[in-house]
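# Descriptive analysis of the structure
So you can see what is in the structure, the chains are spelled out below.
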Amino acid sequence: MRTDPTVQHLRIGQDLLRGRRARRKFAAAVILALVATAAGLAAPLLVKEVISSYSRGGSITAPAVLVGGAALGSTAGSAASGYLLARLGEDMLFRIRQRVMAHALRLPVSTVRSLGTGDLVARITSDAMLLRAVVDTGVVQLPLAALTVAFTLLVMATLDWILVLVTAGSFVVAGIAVAFVLKGVRRSTADQQEAVGVLAQQFTAHLSALTTIKAHRSEQHAADRLGDEAAAVQATSLRAARLESLIAPVMGLGQQVALVSVITSGGFRLAGTQLTTPDFAAFLLYLLQLVQPALVIATGMGRLQAGLAARARLNDVLALPQEGDGAVTAAAVQRQDEAAIVFDKVAFAYAGEPVLHHLSFTVPRTGLTALVGPSGAGKSTSLALIVRFMHPTEGTIRVLGRDVREWTLDELRHRIAYVDQQFGLLEGTVRHNLQLGRHQPFDDSSLTAVLETVGLLEDIQALPHGLETVLGRDNDLSGGQRQRMALARALLSDAEIILFDEPTSQLDSINEKRLRAVMDRLAADRTVVIVAHRLSTVQHAHHIVMIADGTATASGTHRELLDRSPLYRELVASQALASG
Ligand SMILES: Nc1ncnc2c1ncn2[C@@H]1O[C@H](COP(=O)(O)OP(=O)(O)OP(=O)(O)O)[C@@H](O)[C@H]1O
């Protein structure tokens, strides 16, 4: 897939510390974590003080209170620091999700189709969660744990440097083994997340086709197919889990070896009086304390690898080029007297498969123009090219006197109302659906008038909350109602060109008649292009273009085409309209 080299990739540091408040929170988290670490580090030395004071016969109250204070400070500091980091992590995740979703919505339709909606959803849910773990462990805990280990070893060295060498040696061997494991963790997490994306994509696709699956009693077959994808996720997850499960035991082994070696050699040094009992007790406490940060480093590195693999998947989305205004030039000439739409020898292919071949036709500025022709001829593709969902591979398309590539997307799509075959509704209120793409709200009387015009007012008033009813889950509309909603939306727009792709396919004859009246009214002063199979909808059009196999074979009025085009006559005959 093509990527955009100029894209701003996700950088955890920058994304985490965006804004002064975030930086202040981060500083507080670091200070609290440092206080907690320092208090934790001081505790064994204070314990040593308690033992020394006791053996000297002195009071142990003050050092004992300090031990308690250090333990409390360490716990409270690390809890507060953890919470602040969690907040920062959530803030970062919120921004990243917003950014990736906004980017995905601006991708070309073909890119989103090829990526898959389910896979995209997996990226902003599951991958983003993995990235969040990087903040918990990678940003503060990991460096702090490394600092703790270094300081602890330093303090231990003041107690007995030979025992420190024994300790460090054991942990270094364990660390080398863990580093090998971590390498595999990143690779297997990337595989695992990819498999999760495929599963999410497949599940989404199956749910979209749920009624078809049920009608064919194919639930079990579908479940088996999804089961295969789930098994692929399981296999990759197990590979990652196998590797991750090695980390803690390897570090544990390092600690065991260190403990045995330190106790053995410490015993000798104790007997040889090179080491005192309080020093040895403090040394052992430090050794036990060392395990926790060492484990944090090892498991944290594992999570860091997983998070980096997830970040790569989010960056892959951000690197995809959005729909752009690449060819727009200020000097673009707009010919005011030209037809509304001109196709000039346009060719187009889906993934290398040619669909349109030297397609040429014009659409006048006002009046109703119909594109007719056999299924698969390329009619819907032509409409999609006009709104620039895709680009022709050859030839040019001119809209309102200007090459379609020379319009900015905003300007172009503001001038065109496009009603596609899906009659898509957003999950939102009726009002929100009608308002789509408009910044100024319509008043209720305008909405009511338009709903009345398309014959939908009664249906909407019958909904539980009228215009405020949320459409989607429990309050869905019928196919015909959706079609009329899409029509109402087009009527509310002040677009100069209106494109309808099969607007009557789900309408009864009363509503089809109503739609024809609406289209005629629109066509009086705007450009209306309609793709229709039912010739009854379009036989009265001012201009009909016959498209077959990606080429315009004839154009004219219904009567002219009846005379000129054998294919048109055939279409008409098949729909018994010859008398029209
Ligand atoms: N997204 C797509 N990816 C690949 N091929 C496609 C895609 N959409 C359409 N096609 C193919 O392009 C050709 C033209 O399709 P198009 O939808 O433009 O035809 P149409 O004339 O509108 O057909 P219909 O009247 O059945 O809606 C068909 O062969 C179709 O299979």
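Conventions and cut-offs
- Chains are numbered independently. Their residues run from 1 in the order of the written sequence.
- Local features are withheld for residues below a pLDDT of 70 in this predicted model, meaning they are given only at 70 or higher, and side-chain atom pairs are given and counted only at 80 or more; totals for whole chains, interfaces and linings count all residues.
- To obtain the side-chain values, all non-hydrogen atoms of the structure were used and water was disregarded.
- UniProt positions are given in the numbering used here, feature names are shortened, and annotations may be inferred rather than shown by experiment.
- Per the convention used, a helix needs a DSSP run of H or I reaching at least four residues, while a strand needs a run of E reaching at least two, with both numbered from the N terminus.
- Values of the radius of gyration come from C-alpha atoms, whereas the globule rule sets the reference at 2.2 Å times the count of residues to the power 0.38.
- Each residue is placed in one exposure class: buried if its accessible area under a 1.4 Å probe, protein chains only, is under 20% of its type's maximum, exposed if it is over 50%, and partly exposed if it falls in between.
- Should any heavy atoms of two residues lie within 4.5 Å, those residues are considered in contact.
- All accessibility values rest on the Shrake-Rupley procedure with a 1.4 Å probe; residue burial counts only the protein chains present in the view.
- Charge assignment: positive for Lys and Arg, negative for Asp and Glu; neither His nor the chain ends contribute.
- In plain terms, the charge of a residue is placed at NZ if it is Lys, CZ if Arg, CG if Asp and CD if Glu.
- Only buried residues count toward a nonpolar core, which is a set of Ala, Val, Leu, Ile, Met, Phe, Trp, Tyr and Cys residues joined through side-chain atoms within 4.5 Å.
- Being paired, for any two strands, means DSSP has found at least two bridges between them.
- Orientation is described by axes fitted as lines to C-alpha atoms, over the contacting stretch for helices, and by angles from 0 to 180 degrees between their N-to-C directions.
- The working definition used for a salt bridge is a side-chain nitrogen of Lys or Arg within 4 Å of a carboxyl oxygen of Asp or Glu.
- Whether a residue is near a molecule or strand depends on its heavy atoms: if one lies within 4 Å, it is near.
- Definition of a polar contact: a pair of N or O atoms within 3.5 Å, with one able to donate and the other able to accept a hydrogen when the atoms are protein atoms, and with sequence-neighbouring residues admitted only if both atoms are side-chain atoms.
- The span expected for a helix works out to 1.5 Å for each residue beyond the first.
- Bend is computed residue by residue as the angle between axes fitted to the seven residues ending at the residue and the seven residues starting at it.
- Angle categories: roughly parallel below 35 degrees, roughly antiparallel above 145, roughly perpendicular from 65 to 115, and oblique for all the rest.
- Handedness of a crossing follows from how the near helix is turned relative to the far one, being left-handed for an anticlockwise turn of less than a right angle and right-handed for a clockwise one.
- Just so you know the grouping, Ala, Val, Leu, Ile, Met, Phe, Trp, Tyr, Cys and Pro go in nonpolar, Asp, Glu, Lys and Arg go in charged, and all remaining residues, Gly too, go in polar.

As annotated in an unreviewed UniProt entry, the chain is ABC transporter ATP-binding protein from Streptomyces morookaense. What UniProt states about the chain under its Subcellular location (unreviewed entry) heading is, verbatim, "Cell membrane".

## Focus on the overall build of the chain
Within the chain, the regular secondary structure consists of 19 helices and twelve strands. On C-alpha atoms alone, the chain measures out to a radius of gyration of 35 Å, which is more than a quarter above the 25 Å that the 2.2 N^0.38 rule sets for 580 residues. Along the three orthogonal principal directions, the C-alpha set of the chain runs to about 120 × 60 × 45 Å. By residue count, 45% of the 580 residues in the chain fall in the buried class. For the chain, long-range pairs separated by at least 24 residues make up 76% of all intrachain contacts whose partners lie at least 6 apart in sequence. Carbon and sulfur atoms form 59% of the exposed surface of the chain, whose accessible area is close to 28800 Å². Taking the average place of the 55 positive charges on the side chains of the chain and the average place of its 51 negative ones, the gap between the two points comes to 7 Å.

## Notes on the nonpolar core
Judged by nonpolar contacts, the single largest core of 49 residues is most densely connected at Leu434, Leu451, Met485, Phe500 and Tyr568. In terms of residues, this core owes the most to one element, helix H15 (residues 479-492), which gives seven residues. Ignoring sequence-local partners within four residues, the contact set of Met485 consists of Leu425, Val430, Asn433, Leu434, Leu451, Leu456, Leu471 and Leu477. In this structure, Phe348, Leu359, Val363 and Ala377 belong to the second largest nonpolar core, which totals 31 residues.

## Concerning the sheet that holds strand S10 (residues 527-531)
Taken in spatial order, the six strands make up an open sheet running S6-S9-S10-S3-S11-S12, and their pairing is mixed. Every other strand in the sheet has two partners, leaving strand S6 (416-419) and strand S12 (551-556) as the edge strands with one partner each. Within this sheet the neighbouring strands show an average axis-to-axis angle of 15°, counted without direction.

## Remarks on the pattern of salt bridges
Summed over all chains, the structure comprises 20 salt bridges. Close ionic contact of Arg269 with Asp160 constitutes a salt bridge, the shortest N to O distance being 2.7 Å. Of this pair, Arg269 sits in helix H8 (residues 219-271) while Asp160 sits in the loop between helix H5 (117-159) and helix H6 (161-208); the two residues are 109 residues apart in sequence, bridging distant segments of the chain. For the pair formed by Arg269 and Asp160, the shared burial category is buried. Asp191 is the partner of Arg239 in a salt bridge, and the nearest nitrogen-oxygen pair spans 3.5 Å. Within this pair, whereas Arg239 is found in helix H8, its partner Asp191 is found in helix H6, the two being separated by 48 residues in sequence. What emerges from the salt-bridge pattern is a single network uniting Asp119, Arg123, Asp127 and Arg313.

## Let's talk about the pairing of strand S4 (residues 394-399)
Examined bridge by bridge, strand S1 (residues 341-350) and S4 share five bridges and lie antiparallel to one another. Note on S4: the bridge partner recorded for Val342 is Arg398. Pairing of S4 with strand S5 (residues 402-403), which is carried by two bridges, proceeds in the antiparallel orientation. Paired with Arg398 across the bridge in S5 is Asp403. Counting the residues in the hairpin turn of S4 and S5 gives two residues, including Leu400, whose phi is positive at 50°.

## A look at the pairing of S12
Relative to S12, strand S11 (residues 543-548) is paired through five bridges, and the arrangement is antiparallel. Counted as the bridge partner of Val545 is Ser555 from S12. The antiparallel pairing of S11 with S12 creates a hairpin that spans two residues between the two strands, and Asp549 there sits at a positive phi of about 50°.

## Some remarks on the sheet that holds S4
Here we have four strands laid out as an open sheet, ordered S2-S1-S4-S5, and antiparallel in their pairing. The open sheet terminates on both sides in strands that have one partner only, identified here as strand S2 (353-363) and S5. Of the strands in this sheet, S1, S2 and S4 are in contact with helix H10 (residues 379-386), which crosses S1 at around 110°.

## Points about the site of the ligand
Around the ligand lies a shell of 13 residues, among which Ser375, Gly376, Ser380, Thr381 and His533 are the nearest. Between Ser375 and the ligand, the recorded distance is 2.6 Å, taken from a side-chain N or O atom to an oxygen atom. Against a free-state accessible area of 630 Å², the protein chains account for coverage of 62% of the ligand. Tallying contributions element by element places H10 first for the shell around the ligand, with three residues.

## Considerations on helix H2 (residues 20-55)
Taking 1.5 Å per residue as the helical rise, H2 with its 36 residues ought to reach 52 Å, and the 52 Å between its terminal C-alpha atoms agrees with that figure. The largest bend in H2 comes to about 30°, at Ala43, with the proline Pro44 one to four residues further on. Among the residues trailing H2, Gly57 stands out with phi positive, at a value near 80°.

## Quick look at unusual backbone geometry
Excluding glycine, most residues fall at negative phi; most peptide bonds, likewise, are trans. For Arg388, which is not glycine, the phi torsion reads 65° and is therefore positive. Residue classification places Arg388 among the buried residues on the basis of a relative accessible area of 3%. For Leu400, which is not glycine, the phi dihedral falls at a positive 50°. Residue placement: Leu400 occurs in the loop between S4 and S5. Judged by relative accessible area, Leu400 falls into the buried class, the value being 3%.

## Regarding the packing of H6 against helix H9 (residues 277-318)
At their nearest, the axes of H6 and H9 sit 8 Å apart, and the two run at 20° to each other. Of the possible angle classes, the one that applies to H6 and H9 is roughly parallel. Seen from above, H6 lies across H9 with right-handed handedness. Considered class by class, the residues forming the contact of H6 with H9 number 17 nonpolar, six polar and three charged.

## Re the packing of helix H3 (residues 61-105) against H9
Close contact between H3 and H9 brings their axes to 9 Å; oriented N to C, the two are set at 35°. Here H3 runs over H9; the crossing is left-handed. Facing H3, whose interface residues are Ile96, Arg99, Val100 and His103, H9 presents Leu314, Val317 and Leu318. Residues of the contact of H3 with H9, tallied by class, amount to five nonpolar, one polar and one charged.

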